[in-house]
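Residue-level structural notes
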Amino acid sequence: MRDTFWDRIYDIAKEDRDLVLIDADMGAPSLDKFREDFNGRQYFSTGIAEQNMIAVAGGLAKEGKKVFTYAIAPFITSRCHEFTKLNCGLMKIPINLVGVGPGFSYDDSGPTHHLTEDISIMRAIPNLEIYCPSDNLIAKRLAKKMYCSENPAYIRLDREILPNLSDQNGISKNREKIQAGFREFGKGDLAIVSTGNMVHTALEVQKYYSDKNIPIGVLDLHQLKPISEEFKKNMSGYKNLVSLEEHLLDGGLGSIIAETIIDNNLLVNLKKRIGLVDYVYAYGGRKNIQELYKIDEKSVINEIDKLIN
Amino acid sequence: MEKEQIIKLQRKANDFREETLDMCIDAGTGHVTSSFSCAEILTSLYSGNILKYKSDEPKWDKRDRFILSKGQASPILYVTLANAGFFPKDWLNTFCKKEAKFGVHLQNTVPGVEYSTGSLGHGLGLGAGVTLRAKIDKKNYHTFVLLGDAELQEGSNWESAMFASSYNLNNLTAIVDRNGYGVLGATEDIVKLNPLEKKFRSFGWDVKTIDGHSIKEFYEATNNFRDYKRGKPLVIIAETVKGKGIKSWENKALVHGMAPKGEDAIKLKGELKKYSSRGEYE
């Protein structure tokens, strides 16, 4: 997902000499091209100094550069949060923040590299758009969307290689929805709303119920802020919703859905928010951590069983 | 620089102090002492033909960029900008009031202000970005960033200092208003900044230390700032006095961020008048 995103940005950068990438000492094959072809003009590194990266980006972007910044997700969000608030929220400087490895993407790296509160803290910044793609197809589209936007944006890119979701639900079928920040897979009285890697878990749960002739929908919300009118309308077509996230419940996806329902007087019921109640780290791989937190497929099925039985 | 010009600018700096004090007394707030330590620096930059700017075209692309990182000194910058013609002087009468165009910390919605500052440790990195853009696009503007000295206790400054020298940002000049005081007292009694010159040198900067209240010395320190044969960014450590001009508040702890009230206000205005008319210009 990371390489797909940066490959797209690289192609745009070839056409637009004002596109500048700044990273905080990040390695990736897709970034090698930037260093080789654009060093000293469109590519810079601040070293391991995320605060300075966001400050420098503020200077460049206000002078007219289209700036993308890149670091490991916890460090591009929490470490430099106040500078982002001032640059993007207060002064509306259109900087793009690209974070790799949200949730438990860096599973065995441990708690310093886990990130389970970024949606909460980043959505508190005014003017900042927030994206979370679930596969390469969406990541590629979001790269262009962020480039074209006049607003600042934060995108959280999963580190895990996730399969494209187009095969079972053609991308063309979802084209208008994708432009409005989401995809819809299937239908039913109930839908699971999810984002990023957890959309894949939601689809596994959907398949489990489908095999039992119980149709449920899955909404893949990749534009977490702003929530589009189309998504609100689509969400309202369901009777009940369950949200699913690899993120703290405080201020995360479930909160976004609950607030959207209340603030817009929508009639749909959010019956359950599934996510992290608190944070305790563990090792043994991402699946193991998800089981521990009860956000794995089996735990989600247990929760939904309670709702539909 | 001719002595007459220095005297003229010195008078202007004191006029700016008086206008700043009046504005803060009227509003009942504002960082008077932080403003007064950098009066000569701002006056020289804006009224002494150091900065290139067009007050009727604040976004003029060829302007030099000035970033007041110590955003709490906004009162005297607002006075300086109003006198330079960036906006009507009667805006100053609204400082911090309901109808105000600006308040205690610096806002970039005001003509002539590049960035909203007040969160210390932010300005040098912004300035590095602005300067880097000039390098990339071969623009001739110069960037000045005015820092507070206690502000240098924020680690982000040193990230930016390393960055600026690593990318040879010789079109960047930082000025440190070395008034020696934070809120609680002297920086050297709290978290030491010295040896400050050595610190900047070791971070790859050229360093000049001057008397920050001497317009002559400020001119000498900046006389060749567009000489880009120099491969490094330049920092001018301007040794100043916090609250310069109001004797009873000079170098005084715990008056940071305050405007005098009642009898204090009358007393300090009198002290400033006495200082302004002392005739010891150099």
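Basis of the calculations
- The residue numbers shown here count from 1 along each chain, following its written sequence.
- A letter from A marks each chain and a number from 1 marks each ligand, given out in the order of writing.
- Totals for whole chains, interfaces and linings use every residue, but because this is a predicted model, local features are given only for residues with pLDDT of at least 70 and side-chain atom pairs only at 80 or more, for both listing and counting.
- Excluded from the side-chain calculation are hydrogens and water; included are all heavy atoms of the structure.
- Secondary structure elements follow DSSP: runs of H or I of four or more residues count as helices, runs of E of two or more count as strands, with numbering from the N terminus.
- Radius of gyration: over C-alpha atoms. The globule rule applied is 2.2 Å multiplied by the number of residues raised to the 0.38 power.
- Think of it in three bands: with a 1.4 Å probe and only protein chains considered, a residue is buried below 20% of the maximum accessible area for its type, exposed above 50%, and partly exposed in between.
- When checking whether two residues touch, look at their non-hydrogen atoms; a contact exists if any pair is within 4.5 Å.
- Surface accessibility follows the Shrake-Rupley procedure with a 1.4 Å probe radius. Residue values consider only the protein chains on display as shielding.
- Neither His nor the chain ends is counted toward charge; the positive residues are Lys and Arg and the negative residues Asp and Glu.
- The atom standing in for a charge is NZ when the residue is Lys, CZ when it is Arg, CG when it is Asp and CD when it is Glu.
- Whether two strands pair comes down to DSSP finding at least two bridges between them.
- All axes are obtained by fitting lines to C-alpha atoms, using only the stretch in contact for helices, and the reported angles, taken between N-to-C directions, cover 0 to 180 degrees.
- The span you would expect from a helix comes to 1.5 Å times its residue count less one.
- Throughout this description, any angle smaller than 35 degrees is read as roughly parallel, any larger than 145 degrees as roughly antiparallel, any in the 65 to 115 degree range as roughly perpendicular, and the remainder as oblique.
- Whether a crossing is left-handed or right-handed is set by the direction in which the near helix is turned from the far one by less than a right angle, anticlockwise for left-handed and clockwise for right-handed.
- Buried Ala, Val, Leu, Ile, Met, Phe, Trp, Tyr and Cys residues that are joined via side-chain atoms within 4.5 Å together make up what is termed a nonpolar core.
- What marks off one domain from the next here is an automatic or database domain assignment.
- Buried area is understood as the total, over both parts, of accessible area removed when two parts are fitted together, assessed with a 1.4 Å probe.
- Any Lys or Arg side-chain nitrogen found within 4 Å of a carboxyl oxygen on Asp or Glu counts as a salt bridge.
- Criterion for a disulfide: a pair of cysteine sulfur atoms within 2.5 Å.
- Residues adjacent in sequence count toward polar contacts only when both atoms are side-chain atoms; beyond that, a polar contact is any pair of N or O atoms within 3.5 Å, and within protein one must be able to donate a hydrogen and the other to accept it.
- Here is the rule: rings of Phe, Tyr and Trp (six-membered ring for Trp) pair when centre to centre is within 6.5 Å. Planes less than 30 degrees apart are stacked, more than 60 are edge-to-face, and the remainder are tilted.
- In our convention, an over-ring charge means Lys NZ or Arg CZ found within 6 Å of a ring centre and within 35 degrees of that ring's normal.

We now examine the overall build of chain B. On a plain count of helices and strands, chain B comes out with 10 helices and five strands. Computed over the C-alpha atoms, the radius of gyration of chain B is 18 Å, within 12% of the 19 Å expected from 2.2 N^0.38 for a compact globule of 282 residues. Referenced to the eigenvectors of the C-alpha coordinate spread, the extents of chain B come out at roughly 50 × 45 × 40 Å. Here chain B, with 282 residues, has 58% of them falling under the buried criterion. In chain B, the proportion of contacts linking residues at least 24 apart, taken out of those at least 6 apart, comes to 76%. When the accessible area of chain B is evaluated, it comes to approximately 11400 Å², of which 50% is carbon and sulfur surface. Across chain B, the 41 positively charged side chains and the 36 negatively charged ones have centroids separated by 3 Å.

Residue and element names in this part refer to chain B. Strand order across the open sheet formed by five strands is β1-β2-β3-β5-β4, with parallel pairing between neighbours. This sheet does not close on itself; its edge strands, each paired only once, are β1 (65-68) and β4 (206-211). For this sheet, the mean angle separating the axes of adjacent strands, direction not counted, is 20°. As judged from the six bridges shared by strand β3 (residues 172-178) and strand β5 (residues 234-239), these two strands associate in the parallel manner. If you follow A174 over to β5, its bridge partner there is V235.

Residue and element names in this part refer to chain B. Burial of β1 is two-sided: the residues R65 and I67 facing one way and the residues F66 and L68 facing the other way are all buried. Looking at chain direction, β1 and strand β2 (residues 143-148) are connected through four bridges and run parallel. Note that in β2 the partner of R65 across the bridge is T143.

With that out of the way, let us pick up helix α7 (residues 136-148) of chain A. The terminal C-alpha atoms of α7(A) lie 19 Å apart, and with 13 residues this matches the ideal 18 Å at 1.5 Å per residue to within 8%. Taken together, the buried positions of α7(A) are occupied by A:I138, A:A139, A:L142, A:A143, A:M146 and A:Y147.

Pairing between the strands of a sheet is mediated by backbone hydrogen bonds and can be parallel or antiparallel. Residue and element names in this part refer to chain A. If you walk across this open sheet you meet the seven strands as β2-β1-β3-β4-β6-β5-β10, and the pairing is mixed. Because the sheet does not close on itself, it has two edges, and the strands there are β2 (43-45) and β10 (223-225). For this sheet the average axis-to-axis angle between neighbouring strands, irrespective of direction, equals 20°. As judged from the three bridges shared by strand β5 (residues 129-131) and strand β6 (residues 153-157), these two strands associate in the parallel manner. The partner of Y131 across the bridge, within β6, is I155.

All names here are of chain B. Orientation of helix α3 (residues 39-47) relative to helix α9 (residues 215-222), taken along the N-to-C sense of each, is 55°, at an axis distance of 10 Å. By the angle between their directions, the pair α3 and α9 is classed as oblique. You can see that α3 and α9 cross each other, and the crossing is right-handed. Facing α3, whose interface residues are E40, I41, S44 and L45, α9 presents I215, F218 and Y219.

Core analysis: the largest hydrophobic core is formed by 76 residues, its most contacted members being A:Y154, A:L221, A:F231, A:L241, A:I257, B:F200 and B:W205. Here this core spans two domains, since at least three of its residues come from each of domain 1 (2-157) and domain 2 (171-308) of chain A. With sequence-adjacent residues up to four places away left out, A:L241 is seen in contact with A:A191, A:V193, A:M235, A:I257, A:I261, A:V268, A:N269, A:L270, A:K271 and A:K272. Listed in part, the 56 residues of the second largest apolar core include B:V79, B:F86, B:L92 and B:Y275.

For the rest of this paragraph, the subject is the interface of chain A and chain B. Put simply, an interface is often sized by how much accessible area is lost when its parts join up. Contacts between chain A and chain B engage 24 residues on the former and 25 residues on the latter. Contact between chain A and chain B buries roughly 2000 Å² in total, counting both sides, with carbon and sulfur atoms accounting for 59%. Considering only the side of chain A, the residues that lose the most area to chain B are A:K62, A:E63 and A:M91, jointly responsible for 29% of the buried surface there. Between the two partners, chain A and chain B, sit five salt bridges. Put simply, A:R41 and B:D137 hold a salt bridge, and the shortest N to O gap is 3.9 Å.

Residue and element names in this part refer to chain A. Neither face of strand β7 (residues 182-185) is exposed, since F182 and E184 on one face and R183 and F185 on the opposite face are all buried. Inspection of the sheet shows β7 paired to strand β9 (residues 217-221) by four bridges, in the antiparallel sense. Bridge pairing in β9 links F182 to L221.

Moving on, we come to helix α11 (residues 253-263) of chain A. Listed as buried for α11(A) are A:L253, A:G254, A:S255, A:I256, A:I257, A:T260 and A:I261. Positive phi appears at A:N265, one or two residues downstream of α11(A), with a value of about 50°.

A few words on the state of the cysteines. Scanning the entire structure with this criterion turns up zero disulfides over all chains. Considering cysteine sulfurs only, A:C88 is the nearest to A:C148, which forms no disulfide, with 18 Å between them. Distance from the sulfur of B:C96, which forms no disulfide, to the nearest cysteine sulfur (B:C24) is 7.9 Å. The class of B:C96 is partly exposed, set by a relative accessible area of 33%.

As a further point, take the domain arrangement of chain A. Residue and element names in this part refer to chain A. Under the domain assignment used here, chain A contains domain 1 (2-157) and domain 2 (171-308). Taking the mean C-alpha position of each, domain 1 and domain 2 sit 25 Å from one another. Contacts between the two partners involve 32 residues from domain 1 and, on the opposite side, 34 residues from domain 2. For the pair domain 1 and domain 2, the summed buried area comes to about 2700 Å², and 56% of that belongs to carbon and sulfur atoms. Counting the surface domain 1 buries against domain 2, the share from its top three residues, F104, R123 and S134, is 26%. One can count two salt bridges joining domain 1 with domain 2. Residue R183 is joined to D135 by a salt bridge in which the shortest nitrogen-to-oxygen separation is 3.1 Å. Taken together, the connections running from domain 1 to domain 2 amount to 22 residue pairs in polar contact (both at pLDDT 80 or more).

On to the packing of aromatic side chains. According to the stated counting rule, one finds 26 aromatic pairs over all chains in the structure shown. Ring centres 5.3 Å apart and planes at 35° place the aromatic pair A:Y10 and A:F38 in the tilted group. With a gap of 28 residues between them, A:Y10 in helix α1 (residues 2-15) and A:F38 in helix α2 (residues 29-38) connect regions that are remote in the sequence. A:F38 carries the same exposure label as A:Y10, and that label is buried. Centroid distance B:Y46 to B:F66: 5.7 Å. Interplanar angle 85°. Geometry classified as edge-to-face. With a gap of 20 residues between them, B:Y46 in helix α3 and B:F66 in strand β1 connect regions that are remote in the sequence. For the pair B:Y46 and B:F66, one class covers both residues: buried. Here the aromatic cluster, defined as three or more aromatic residues joined through ring pairs, consists of A:F5, A:W6, A:Y10, A:F34, A:F38, A:F68 and A:Y70. It is A:K62 that lies over the ring of B:Y115; its NZ or CZ is 4.7 Å from the centre.

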